[in-house]
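Survey of secondary and tertiary structure
Letter by letter, the chains look like this.
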Amino acid sequence: MGATLLAACSTVGERTSLSVGYYTIGGETFEDIDQQIALHGPAVLGVGRALAATTVRMSPDFRFGFDGGACRVTHARVSVNAHVTLPKLTSQQRLRQELSRAWESLEQYARLHESVHVAIADTHALRAERAILALPPEPSCDRLRGSASLMFRQMMVEHEREQLQFDEDEKGRIAAMVNRTRAIDRGTATQ
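Here's a quick rundown of the structure. (Residues numbered from 1 in each chain as written. Predicted model: local features only at pLDDT ≥ 70, side-chain atom pairs only at ≥ 80, totals over all residues. Heavy atoms only, no water.)

Check the secondary structure of the chain and you find 3 helices and 6 strands. Order of helices (α) and strands (β) in the chain, N terminus to C terminus: β-β-α-β-β-β-β-α-α. Looking at the 191 residues of the chain, the share that counts as buried comes to 41%. Pairs at least 24 apart in sequence give 66% of the contacts found in the chain among residues at least 6 apart. Accessible area of the chain: about 10700 Å², with a carbon and sulfur share of 52%. (Helix = DSSP H or I, 4+ residues; strand = E, 2+ residues; numbered from the N terminus. Buried < 20%, exposed > 50% of the residue type's maximum accessible area, 1.4 Å probe, protein only. Contact = heavy atoms within 4.5 Å. Areas by Shrake-Rupley, 256 points an atom, 1.4 Å probe, with all protein chains shown as cover.)

As structure tokens, then:
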């Protein structure tokens, strides 16, 4: 899925569309780049400016109909619109060779990390579709619609929890990469 992020806009799965935007940064040292990220990187709630970010919007389309005296779910689709914001370095040639390689690793990590966020959203959309379709019939479509809405909201809370947990689990990895890149920039990295 990481390769998908190379496209400006594409469909990831049958329910998920993805767009990618870039913000431009420059500099000759990692300190310069880090300052540019702090100024121009995407704003992430509770974090501040980040190297990269994904925003996800899930749009449910549930339909109901009477069959055999009861209301049933006749259609369940959850569309996912994901937008990924990534950094674009204006002139990587100005970086020393070791720093350039370290930056490329950070960039690749950011693409992969954000593609996992998109995959988590796609997975939760599919789960929601299946769960809503599996709801038992109700005597009233209003009642079934209420049950579907409640279930969807609960599933979106779980989706958000998993997204946050993924970020929490990855904090150590990104911190280690940033620290290594800083050490390379200062010339203090050990091989």
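Moving on, we come to the packing of aromatic side chains. One pass over the structure, following the stated rule, counts 1 aromatic pair. Geometrically, the ring pair formed by Phe-62 and Phe-152 is edge-to-face, given 5.7 Å between the ring centres and 75 degrees between the ring planes. Separated by 90 residues along the polypeptide, Phe-62 in strand β5 (residues 53-67) and Phe-152 in helix α3 (residues 141-186) bring together distant segments of the chain. An identical accessibility class is assigned to Phe-62 and Phe-152; each is buried. Looking at Lys-88, its charged tip hangs above the ring of Tyr-22, at a distance of 5.9 Å from the centre. (Phe/Tyr/Trp six-rings, centres within 6.5 Å; stacked < 30°, edge-to-face > 60°. Lys NZ or Arg CZ within 6 Å of the ring centre and 35° of its normal.)

This brings us to the pattern of salt bridges. The tally for this structure, following the rule as stated, stands at 12 salt bridges. Residue Arg-145 is joined to Asp-142 by a salt bridge in which the shortest nitrogen-to-oxygen separation is 3.1 Å. Taken together, the residues span about one helical turn, with Arg-145 and Asp-142 both in helix α3 at a distance of 3 residues. Judged by its relative accessible area of 60%, Asp-142 falls in the exposed class. One continuous salt-bridge network, built from bridges that share partners, spans Arg-15, Arg-77, Asp-122 and Glu-129. (Salt bridge = Lys/Arg side-chain N within 4 Å of Asp/Glu carboxyl O.)

Before going further, it helps to examine helix α1 (residues 30-40). Here α1 has its buried residues at Phe-30, Ile-33 and Ile-37. Buried residues along α1 cover an arc of 60 degrees about the axis, so they all sit on one side. For α1, exposure combined with an orientation more than 90 degrees from the buried face picks out Glu-31 and Leu-39. Next to the buried residues of α1 lie β2 (16-25), β4 (48-49), β6 (70-89), α2 (97-133) and α3. (Arc of directions from axis to C-beta.)

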